[in-house]
Amino acid sequence: YHILKNAGLNVGLAGNVGKSFAMQVAEDNFDYYVLELSSFQLDGMIDFKADIAILLNITPDHLDRYDHDFQKYVDAKFRIIQNQTEKDAFIFWNDDPVIKKELQKRKIESTLYPFALQRNKETKAFIENNQLVINVLNDIFTMSTTELSLKGQHNTYNSMAAGLAASILKVRKENIRQSLQDFQGVEHRLEYVATVRDVKYINDSKATNVNSCWYALQSIQTPIVLILGGTDKGNDYSEIEELVKEKATGLIFLGVENTKLHQFFDGKGSNIIDVHSMEDCVKAAYQMAEPGETVLLSPCCASFDLFKNYEDRGTQFKECVRNL
């Protein structure tokens, strides 16, 4: 959305972000729409067709909604390419094992635009000699990875996917480059809050599943006091087990019901504290964290047990940190 808007296109933002898609179609007159679609929204998609569909990865989430059957969740995600023809584009992470497996099973009508860190004969975007390279329609775009405003491997993937979509729409290279240089990360996603007594506080309240937390843990290089908890959606915490063991000096469980977290993490080395309000959570983190460490709110869970939504959870975290 940022790239297309900066390029002067008449574009709306909807789905899980922005205003209602239906309302914008009824009341506005946009030429392009960027939609972030959840599996919940895709479940109800019958006639809709995406001209450009992007699938970043598929990891277990919302399994309570899908009868704890991962394949049902995968099928829901793949509805994003439903109704596409060869004139439409399907952008996806080429190294995702779930996507790879599904591609072998399915007859995909769309034109494929895979991206990956490593170049191969299939990839349309990749990293080579510290350059982000996009090769679309026999036109090559390159940009130093050091120029990307968002850091971390997962954000490199995000930049590739967004750059591919813009290139397919024939946005000028100068616009793509400028937008990838000046984009500011969204609120509540790996958002730096403050440094107090040489301890950094990071708000990643938007991490409502285990995979998002994995990326957050991977991107932080200091020891971490990790805040987990909320409404569990059938989570499998084994995905973050090694990173928690390697990086976490302490765990704070913030939720009404923390039994499942205790069942998984108890006895695995980390100091653990239970809290039931954000104020108590931040106080506990303040006491637990040593200078040079990072306090990371990356809960793996939905927020509805103690908060209105993940934004409310993140906003309360920031307020409490700034009151220290």
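Above: the structure in question.
Let me begin by describing the structure that accompanies this report. This one's a predicted model, so the numbers in the text were calculated from it and none came from an experiment. (Residues numbered from 1 in each chain as written. Predicted model: local features only at pLDDT ≥ 70, side-chain atom pairs only at ≥ 80, totals over all residues. Heavy atoms only, no water.)

### Examining the packing of helix α11 (residues 278-288) against helix α12 (residues 310-322)
Now for step 1: Put simply, α11 and α12 touch, their axes get as near as 9 Å, and they point 50° apart. One way to sum up the angle between α11 and α12 is to call them oblique. Crossing geometry of α11 relative to α12 is assigned as right-handed. Each of Met278, Glu279 and Val282 in α11 lies in contact with α12, whose residues at this interface are Arg313, Gln316, Phe317, Cys320 and Val321. (Axes fitted to C-alpha atoms, helices over the stretch in contact; angles between N-to-C directions. Helix = DSSP H or I, 4+ residues; strand = E, 2+ residues; numbered from the N terminus. Parallel < 35°, antiparallel > 145°, perpendicular 65-115°, else oblique. Left-handed = near helix turned anticlockwise from the far one by under 90°. Contact = heavy atoms within 4.5 Å.)

### Some words on helix α4 (residues 70-77)
Now for step 1: Of the residues making up α4, those classed as buried are Tyr73, Val74, Ala76 and Lys77. Axial view of α4: buried residues confined to an arc of 160°, hence all on one face.
Now for step 2: On its buried face, α4 sits against α3 (39-43), β3 (52-55) and α5 (97-105).
Now for step 3: For α4, the side-chain oxygen to backbone nitrogen distance between the N-cap and Gln71 is 3.1 Å, and the N-cap itself is Asp69. (Buried < 20%, exposed > 50% of the residue type's maximum accessible area, 1.4 Å probe, protein only. Arc of directions from axis to C-beta. Polar contact = N/O pair within 3.5 Å; in protein donor to acceptor, adjacent residues only side chain to side chain.)

### Focus on the nonpolar core
Now for step 1: If you look at the biggest cluster of nonpolar residues, it comprises 27 residues, and the most contacted ones within it are Ile91, Tyr113, Phe115, Leu132, Ile134, Leu164 and Ile176.
Now for step 2: Only α1 (2-6), β4 (89-93), β5 (111-115), β6 (125-128), β7 (131-136), β8 (139-144), α6 (153-168) and α7 (173-182) provide two or more residues apiece to this core.
Now for step 3: A total of seven residues in this core trace back to one element, the largest contributor, which is α6.
Now for step 4: In this structure, Ile176 is in contact with Ile3, Phe141, Gly163, Ala166, Ser167 and Val171, ignoring residues within four places of it in sequence.
Now for step 5: Counting 23 residues, the second largest nonpolar core, distinct from the first, contains Val193, Val199, Ile227 and Ala285. (Core = buried A, V, L, I, M, F, W, Y, C linked by side-chain atoms within 4.5 Å.)

### A look at the pairing of strand β11 (residues 224-228)
Now for step 1: Burial analysis of β11 places five of its five residues in the buried class, which makes it a mostly covered element.
Now for step 2: Covered by surrounding structure in β11 are Ile224, Leu226 and Leu228 together with Val225 and Ile227, the residues of both alternating faces.
Now for step 3: Pairing between β11 and strand β12 (residues 248-254): five bridges, direction parallel. In the strand pairing of β12, Leu228 is matched with Phe253.
Now for step 4: Tracing the backbone out of β11, into helix α9 (residues 238-247) and back to the parallel element β12 gives a crossover that is right-handed.
Now for step 5: The pairing of β11 with strand β14 (residues 294-297) spans four bridges and is parallel. Bridge pairing links Ile224 to Thr294 in β14. (Pairing = 2+ DSSP bridges. Right-handed = clockwise from strand over helix to strand, strands pointing away.)

### Digging into the sheet that holds β12
Now for step 1: The six strands are arranged β9-β10-β14-β11-β12-β13 in an open sheet whose pairing can be described as mixed. Strand pairing shows two members of the sheet lacking a second neighbour, β9 (191-196) and β13 (271-275), which therefore form its edges. Shown here is a sheet whose adjacent strand axes are inclined to one another by a mean of 20°, direction ignored.
Now for step 2: Across five bridges, β12 lies against β13 in parallel orientation. In the sheet register, Leu251 faces β13, and the bridge partner there is Ile272.

### Examining the packing of aromatic side chains
Now for step 1: Counting across every chain of the model gives 14 aromatic pairs.
Now for step 2: Consider the rings of Phe30 and Tyr33, whose centres lie 5.7 Å apart with planes at 85°: the pair is edge-to-face.
Now for step 3: Under the relative-accessibility criterion, Phe30 is labelled partly exposed at 26%.
Now for step 4: Exposure remark for Tyr33: the relative accessible area of 26% places this residue in the partly exposed category.
Now for step 5: Linked through ring pairs, Phe21, Phe30, Tyr33 and Phe48 together constitute an aromatic cluster.
Now for step 6: Cation over ring: Arg65 sits above Phe40, and NZ or CZ is 3.9 Å from the ring centre.
Now for step 7: Here the guanidinium or amino end of Lys268 rests over the ring plane of Phe264, the centre of that ring lying 3.7 Å away. (Phe/Tyr/Trp six-rings, centres within 6.5 Å; stacked < 30°, edge-to-face > 60°. Lys NZ or Arg CZ within 6 Å of the ring centre and 35° of its normal.)

### Focus: the packing of helix α8 (residues 210-219) against α9
When two helices pack together, their arrangement is given by the angle between the helix axes and by the axis-to-axis distance.
Now for step 1: Where α8 contacts α9, the axes come no closer than 9 Å and their chain directions differ by 30°. As judged from the angle between their axes, α8 and α9 are roughly parallel. The two elements α8 and α9 cross, and the hand of that crossing is left-handed. Across the interface between the two elements, Val210, Asn211, Cys213, Trp214, Leu217 and Gln218 of α8 pack against Glu239, Ile240, Leu243, Val244 and Lys247 of α9.
Now for step 2: Looking at the contact of α8 with α9 residue by residue, the class counts come to seven nonpolar, two polar and two charged. (Nonpolar A, V, L, I, M, F, W, Y, C, P; charged D, E, K, R; others polar.)

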